[in-house]
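Working through the structure, step by step
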Amino acid sequence: PVPASVGKMAAGWMLPEEAQLERLLEQDSYLEPHTPDLRRRYDKFVSLAKSIEKNEGGLEQFSRGYESFGVNRQADGGVYCKEWAPGANSVCLVGDFNGWDTSSHHYKKLPFGKWELHIPPNVDGSPPIPHGSKLKVVIGSKTGQQLYRISPWARYVEREQNATTYVWVHWDSPQPYMRKHPHPRRPNSMRIYEAHVGIASPEGKVASYKNFTQNVLVRIKNLGYNCIQLMAIMEHAYYASFGYQVTSFFAASSRFGTPEELKELVDTAHSMGLFVLLDIVHSHASSNTEDGLNAFDGTDSCFFHSGTRGTHQQWGSRLFNYSNWEVLRFLLSNLRWWVEEYYFDGFRFDGVTSMLYHHHGLSAVFSGDYSEYFGLQVDEDSLVYLMLSNYMLHSFYPDFITIAEDVSGMPTLCRPVIEGGGGFDYRLAMAIPDKWIQILKELKDEDWNMGNIVFTLTNRRYGEKCIAYAESHDQALVGDKTLAFWLMDAEMYTNMSILSPFTVVVDRGIQLHKMIRLITHALGGEGYLNFIGNEFGHPEWLDFPRIGNNESYHYARRQFNLLDNHLLRYSQLNTFDTDMNNLEEKYGWLAAAPAYVNEKHEGNKVIAFERANLLFIFNFNHEKSFPDYRVGIDKPGKYKIVLDTDAKEYGGHGRLNHNTDFFTDSQYQNNRPNSLLVYIPSRSAIVLACVDNEK
């Protein structure tokens, strides 16, 4: 349980009356004209927190709605049921337990659109609704219809046999999973492995939680990642939606296994010291009615805005009404549920751009002008919900991490709530993967612009952390392809053997794949993300079974068999990814101050920068190697190579001697007081570390 003092703090008792903007404005004086907006957002947040304190006894109680809503077994063995259905004329519970009789178990109407039902225990004290039995809520609508619905609070649903819809299964396990390991400590550097349980196998099928626990976790740990981001866990009836059309918000997807097996997965990850993030979807909901939230009470509103405001024009999904009291209870309780029940350590909030603006980012061009982020286009109800969510999570769970998927670049989104900010810890640097795809699609190697690459990798707000990535699931989806496939395409089918000489295409692809990932890792942010399989250069693209591909699983899998065949070059890319992560673990560049870029030479195609007392040098030139190339550096001393993309074990050409010592001299170079001479082969990158203090 959360300490009472923490609950009070999160509820608003210990919040300053006014936003504390001084530090924010010191860092960014251009926000000065928008201080009225920042203050108003904060005032709305404080007002809402105080209202929850006054009417619900605080956020601690308000955010535990799952303890009373839905179907809950009581201490005496009886069952208490509760629903919010403001548009209903009647509500009853049917299922296996009562022979689906709509006349036997009617809910009693309560104020504010709520309904409740008490079912006493059986004579022998056992629960009246057995574990594993099927249920439905029957809504008597105002139009006289009987609507069979799944409770919004259902904890387990499964697909009906020979059907596309899902049924509600009462989950009250007689052998609940007992957690064995505590939450790991929050890492200083976030190295995130983004994963989808269902595709985490070379086999053409939906893979399971157990498979992930037994076979994938150890791979992630050995690769040097310290955090897993699990996608598509919240139940979604349509597999090909990638988990973004959620139908049951409190149910872990049954296509992968049981709730107990997901708990075991997270607990096992914790035993390895791995942080586990959940991809949380509170930006919208599936438009399904039979097995989703849509029209739960027979109206087009309930959880959502009514009319056109309640439907996303592009996604066809329903949009939450974040100003509604019961919607807030539902969503905040949903956040608490995934932490309390499944032990998640953080959330990646999906679709934040859609939440922040009334235009949902559709047809909007974000140029960086601050007027785009303030004013009437901002949905402040939604923004205040995000502020409240972040404040609650960080207050209740001090090591918790939240990441915003926001393409707009809204200022202050990753600043503390008391500054009028959104309260997120990180945002995704979404421009970086788009830049790499654009370069590979549109430019010849000799036309790569070093200044533009550096600008894209460093263009982020000071004091607001970013998660950098060269590619994620978005870039691999059907219609696009992985970076490795952009680089090597069809030759990946025939020319990846280490027993045969490099072809020109594969040589280029292998070298650039490593360089792109290293420069993104080292220069692009304060965290790094990789999508499952891309660390070893996964070929092709990602496509889930659907009518358009004859329900094929061929592209809905990760071909770890390619990696495990050590006669193929995939294992060399995997080894490089491991060593890159291990080097970050040792030197901590993601947790260090932003890099100092001391060279971006267009003619030579060379980029050099310093970060975390390391010197990174990239030669993107496709034909020229440079002997005795002078690179500026701040700290004098003796340097050695600690990572070399051209090393033979990484599929390189082995052109560098790693025993070489590099000594600085006091020659001024690129505004740095010292410099050194290095040999940088074509299409390669090296990382140098000062070894004067090493024994």
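Reading the values: the criteria
- Residues numbered from 1 in each chain as written.
- Predicted model: local features only at pLDDT ≥ 70, side-chain atom pairs only at ≥ 80, totals over all residues.
- Heavy atoms only, no water.
- Helix = DSSP H or I, 4+ residues; strand = E, 2+ residues; numbered from the N terminus.
- Rg over C-alpha atoms; globule rule 2.2 N^0.38 Å.
- Contact = heavy atoms within 4.5 Å.
- Buried < 20%, exposed > 50% of the residue type's maximum accessible area, 1.4 Å probe, protein only.
- Pairing = 2+ DSSP bridges.
- Phe/Tyr/Trp six-rings, centres within 6.5 Å; stacked < 30°, edge-to-face > 60°.
- Lys NZ or Arg CZ within 6 Å of the ring centre and 35° of its normal.
- Core = buried A, V, L, I, M, F, W, Y, C linked by side-chain atoms within 4.5 Å.
- Axes fitted to C-alpha atoms, helices over the stretch in contact; angles between N-to-C directions.
- Polar contact = N/O pair within 3.5 Å; in protein donor to acceptor, adjacent residues only side chain to side chain.
- pLDDT = per-residue confidence, 0-100.
- Parallel < 35°, antiparallel > 145°, perpendicular 65-115°, else oblique.
- Left-handed = near helix turned anticlockwise from the far one by under 90°.
- Salt bridge = Lys/Arg side-chain N within 4 Å of Asp/Glu carboxyl O.

**Quick notes on the overall build of the chain**
Within the chain, the regular secondary structure consists of 16 helices and 27 strands. For 695 residues, the compact-globule estimate of 2.2 N^0.38 gives 26 Å, and the C-alpha radius of gyration of the chain, at 27 Å, lies within 12% of that figure. Considered along the principal axes of its C-alpha atoms, the chain spans approximately 85 × 60 × 50 Å. A separation of at least 24 residues holds for 72% of the contacts in the chain among residues at least 6 apart in sequence.

**Section: the pairing of strand 23 (residues 626-633)**
Judged by how many residues are buried, strand 23 sits mostly within the fold: six of eight residues are covered. The sheet contact formed by strand 23 and strand 26 (residues 674-680) spans six bridges and is antiparallel. Across the sheet, residue Arg630 finds its bridge partner in strand 26, namely Leu677.

**A short note on the packing of aromatic side chains**
Following the criterion strictly, the structure yields 47 aromatic pairs and no others. When the ring of Phe69 is compared with that of Trp153, the centres are 5.0 Å apart and the planes differ by 20°; the resulting orientation is stacked. On the criterion of sequence distance, the pair formed by Phe69 in the loop between helix 4 (59-62) and strand 1 (70-73) and Trp153 in the loop between strand 7 (146-149) and strand 8 (157-159) is long-range, its members being 84 residues apart. By relative accessible area, which is 3% here, Phe69 ends up buried. On the basis of relative accessibility, which here comes to 6%, the residue Trp153 falls in the buried class. Ring geometry for Phe485 versus Tyr493: centroids 5.8 Å apart, planes at 70°, classification edge-to-face. Lying across the ring of Trp486, Lys481 places its NZ or CZ 4.5 Å from the centre. Taking the ring centre of Tyr596 as reference, the NZ or CZ of Arg672 above it sits at 3.8 Å.

**What to know about the nonpolar core**
Counting 189 residues, the largest nonpolar core has Phe212, Leu230, Trp338, Phe347 and Trp436 as the members making the most contacts within it. Here this core takes 10 residues from helix 9 (residues 380-396), the largest share from any one element. In contact with Trp338, not counting residues within four places along its chain, are Ile233, Met234, Phe249, Phe250, Ala251, Ala252, Leu262, Leu278, Ile280, Tyr343, Phe344 and Phe347. Grouped together as the second largest cluster of nonpolar side chains are 18 residues, Phe626, Ile633, Leu676 and Val678 included.

**With respect to the environment of Met178**
Inspection of the secondary structure puts Met178 in the loop between strand 9 (166-169) and strand 10 (190-196). Between the alpha carbons of Met178 and Asp267 there is a distance of 9.4 Å; along the sequence they are 89 residues apart.

**Here we look at the sheet that holds strand 20 (residues 596-601)**
Spatial strand order, 20-21-22-27-24-25: six strands in an open sheet with antiparallel pairing. Either end of the sheet is taken by a strand with one partner, and the two such strands are strand 20 and strand 25 (662-663). As paired strands, strand 22 (residues 614-619) and strand 27 (residues 684-690) are joined by six bridges and run antiparallel to one another. Bridging across to strand 27, Ile617 finds its partner in Ile686. Helix-sheet contacts for helix 16 (residues 570-587) involve strand 22, strand 24 (638-644) and strand 27, and the interaxial angle to strand 24 is about 140°.

**Considerations on the side chain of Asp350**
Looking at where Asp350 falls in the secondary structure, it is placed in the loop between strand 15 (346-349) and helix 8 (352-356). Within the structure, the side chain of Asp350 is placed 3.1 Å from the side chain of Arg348, a separation counted as a polar contact. Not counting residues within four places of it along the chain, the set of residues in contact with Asp350 comprises Tyr244, Asp279, Ile280, Val281, Ser283, His284, Met355 and Glu405.

**Brief notes about the confidence of the model for the chain**
Looking at the chain as a whole, the pLDDT averages 95, with 98% of positions reaching at least 70. Note on residues 1-13: pLDDT is under 50 here. Beyond four places in sequence and across chains, it has 30 contacts.

**Concerning the packing of helix 10 (residues 431-442) against helix 14 (residues 504-523)**
Contact geometry for helix 10 and helix 14: axes closest at 12 Å, N-to-C directions at 155°. As summarised for this structure, helix 10 and helix 14 are arranged roughly antiparallel, according to the angle between their axes. At the point where helix 10 passes helix 14, the crossing takes the right-handed sense. Here helix 10 contributes Ile432, Trp436 and Leu440 to the contact with helix 14, which in turn contributes Arg508, Ile516, Ile519 and Thr520.

**Some details on the environment of Ile498**
Structurally, the position occupied by Ile498 is in the loop between helix 13 (483-488) and helix 14. C-alpha separation for the pair Ile498 and Leu568, spaced 70 residues apart in sequence, amounts to 5.6 Å. Excluding anything up to four places from it in sequence, Ile498 contacts His566, Leu567, Leu568, Arg569 and Gln572.

**Brief notes about the pairing of strand 18 (residues 465-468)**
Pairing geometry for strand 17 (residues 426-428) and strand 18, over three bridges, is parallel. Its bridge partner being in strand 18, Tyr426 is matched across the sheet by Lys465.

**Some remarks on the sheet that holds strand 4 (residues 108-109)**
Within the open sheet, the four strands sit side by side as 1-2-5-4. Their pairing is antiparallel. If you trace the sheet from one side to the other, it starts and ends with strand 1 and strand 4, each paired once. Note that strand 2 (residues 79-84) and strand 5 (residues 114-119) share six bridges and pair antiparallel. Following the sheet pairing, Cys81 is matched in strand 5 by Leu117.

**Side note on the pattern of salt bridges**
The tally for this structure, following the rule as stated, stands at 44 salt bridges. One salt bridge connects Glu326 with Arg329, and the closest N-O pair in it is separated by 2.8 Å. Placement of the pair is Glu326 and Arg329 together in helix 7 (residues 325-340), with a separation of three residues, close to one helical turn. The salt bridge partner of Arg517 is Glu471, with a shortest N-O separation of 3.8 Å. Taken as a pair, Arg517 in helix 14 and Glu471 in the loop between strand 18 and helix 12 (473-476) lie far apart in primary sequence, 46 residues in all. Residue Arg517 is classed as buried on the basis of its relative accessible area, which comes to 2%. With relative accessibility at 2%, the residue Glu471 sits in the buried group.

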